[in-house]
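Structural features, examined
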There are 2 protein chains.
Amino acid sequence: MNETAGTDLEPENRSARRKRRTRQALLDAGQQIMAEKGVDAATMLEIAARADLGTGTAYNYFASKDELAVSVLEQVMDRLARRIEAATAGFTDPAQVYAFGVRTVINEATTDRRWRWLLRRAEVIADAMYRIMGPYAIRDIRIAAQAGRFHVDDPDMAFRLATHVLVGFSLAVCDGSLPAAKIDDAVVMLLGMAGVPPQEARAVAGRPRPALPPE
Amino acid sequence: MNETAGTDLEPENRSARRKRRTRQALLDAGQQIMAEKGVDAATMLEIAARADLGTGTAYNYFASKDELAVSVLEQVMDRLARRIEAATAGFTDPAQVYAFGVRTVINEATTDRRWRWLLRRAEVIADAMYRIMGPYAIRDIRIAAQAGRFHVDDPDMAFRLATHVLVGFSLAVCDGSLPAAKIDDAVVMLLGMAGVPPQEARAVAGRPRPALPPE
DNA sequence: CAGTAAAAATGAACCACGTTCACTCTTGAT
DNA sequence: ATCAAGAGTGAACGTGGTTCATTTTTACTG
């Protein structure tokens, strides 16, 4: 795209900074407003206004409102994935790494105002979760399978389906149709999906857990 | 509401027939058009036209386009649930009843044009599935648990989460991101969620199955 | 069989939003 | 200073869900 001096590292840095700042402003404004009133109720007009930009500017960065929403979501998820990664660094049982991860995602999804609204688009959030958190989670599943803790043929598919369970359970808790305390049962089922027999799953799900590092 | 002769049985039958026919016409038109072009692309105008009714008439029956879509969905699901019920009437292993049910739902969802579009609203379809098919499925899970085939504390929750897996897998197949042949693995995971150990689950999932009765 | 009131149907008009695009402003190189 | 490319702008557009005052149909009564 750019045949000036630098090869690829430090490709261009002048007005490109402005683009980055604008894009980030849009993302931040979108995150705020979508968290406040929900994805549907958030209008492009208001988002642009909060970012202190013209109405049409957003469309120089995101092809549609939906695409902006997805980007907002990805940003939130990416941050959480990194925090989980940090918290599980010292774990010895690979099954527990996975259990901690899924539990933490549920916790955040049901607690954080930003997630609660986004949940209303289950396919979208599940897909984003698969793309953003998948690399970590699938690796963990594969490791656990090699260690004989999990029994799955296709770790990829296992996590893909797991994302839908995560979203589904979170949604139910937010609705009030399931109590948050059922989270242990949910983790047990998630482990069951990974081929862990019930008693063993219950034991893993019940173990004490470290705190997440702060955001 | 009506204090004339009859108590409750045969409450009123004259112009009520018209209402029923109008409602059904709307439902049928909605089902057709939504199947043809998708839920979003279907407009209330076109649905009303196909039902040979005025633009506003639909709103005497359904509070919103969304509500109409959900009703369409419920009708489709209800029919499928009854067919599954009929097909599994003679089964002896309760685990297999459940396995047959979930497998059939996936098959229909990925095959039937009506479902494929509706899948884009995962939370809605999962919720409808829980409400419409739940009574049957949860009963089956409970029976299997009592027979010692399943190990679940909360059959209700087990199926609620299962609906999200069903939707998620169907969605992935329709996307082309998972091959339809993975359906056996999906059934195994669904059984795993119900506390069935891997080998056993694989055996149940692999058994031959009778055909569904025609619609 | 009027006569009448409630129920159902109607469709033009409303309005909210996402999106577009012709135009202006900023940037950075010559 | 000049200019072209990139970034920003916001009025205007189009689509489509929803409303509501009005008309038509239905059911009941004297």
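Residues numbered from 1 in each chain as written. Chains lettered and ligands numbered in written order. Predicted model: local features only at pLDDT ≥ 70, side-chain atom pairs only at ≥ 80, totals over all residues.

Take the domain arrangement of chain A next. Residues and elements named next belong to chain A. Its domain assignment divides chain A into domain 1 (16-62) and domain 2 (68-206). Here the C-alpha centroids of domain 1 and domain 2 sit 29 Å apart. Across the contact, 10 residues belong to domain 1 and 12 residues belong to domain 2. Of the residues assigned to the side of domain 1 that touches domain 2, the class counts are seven nonpolar, three polar and no charged. (Domains from an automatic or database assignment. Contact = placed C-beta atoms within 7 Å. Nonpolar A, V, L, I, M, F, W, Y, C, P; charged D, E, K, R; others polar.)

Looking now at the interface of chain B and chain A. Facing the 28 residues of chain B at the interface are 28 residues of chain A. At the level of secondary structure, the elements contributing two or more residues to the side of chain B that touches chain A comprise helix 6 (122-146), helix 7 (155-175) and helix 8 (183-193) of chain B. Among the elements that line the side of chain B that touches chain A, the one with the most residues is helix 7 of chain B, at 11 residues. Taken together, the residues that form the side of chain B that touches chain A break down as 16 nonpolar, five polar and seven charged. (Helix = DSSP H or I, 4+ residues; strand = E, 2+ residues; numbered from the N terminus.)

Each copy of the sequence occupies a distinct position, and chain B is placed on chain A by a rotation of 180° and an axial shift of 0.0 Å, giving an RMSD of 0.1 Å. Both copies of the chain, as the preceding transformation shows, are related through a two-fold rotation axis. Of the interface residues in chain B, 100% have counterparts in chain A that sit at the interface too, so the contact is made through matching surfaces. (Least-squares fit on C-alpha atoms with pLDDT ≥ 70 in both.)

Moving on to unusual backbone geometry. A positive phi angle is found at Asp 52 of chain A, which is not glycine, with a value near 60°. Looking at the secondary structure, you find Asp 52 of chain A in the loop between helix 2 (44-50) and helix 3 (65-87).

All names here are of chain A. Looking at the secondary structure, you find Ala 25 in helix 1 (residues 16-37). When the C-alpha atoms of Ala 25 and Asp 78 are compared, they prove to be 18 Å apart, with 53 residues separating the residues in sequence. Beyond its immediate stretch of four places on either side in the chain, Ala 25 contacts Ala 51 and Leu 53.

For the rest of this paragraph, the subject is the environment of Leu 161 of chain A. Structurally, the position occupied by Leu 161 of chain A is in helix 7 (residues 155-175). For Leu 161 of chain A, a count of 28 C-beta atoms within 10 Å puts it in the buried group. Residues Leu 161 of chain A and Ala 126 of chain A, spaced 35 residues apart in sequence, show a C-alpha to C-alpha distance of 8.8 Å. Leu 161 of chain A has contacts with Met 193 of chain A together with Val 165, Gly 168, Phe 169, Ala 186 and Met 189 of chain B, leaving out every residue within four places of it along the chain. (Buried ≥ 20, exposed ≤ 12 C-beta atoms within 10 Å, placed from the backbone.)

Residues and elements named next belong to chain B. For helix 7, built from 21 residues, the straight-helix expectation of 30 Å at 1.5 Å per residue is met to within 8% by its first-to-last C-alpha distance of 30 Å. Counting buried residues in helix 7 gives 18 out of 21 residues, a clear majority hidden from the surface. Looking one or two residues beyond helix 7, the residue adopting positive phi is Gly 176, at roughly 90°. (Expected span 1.5 Å × (residues − 1).)

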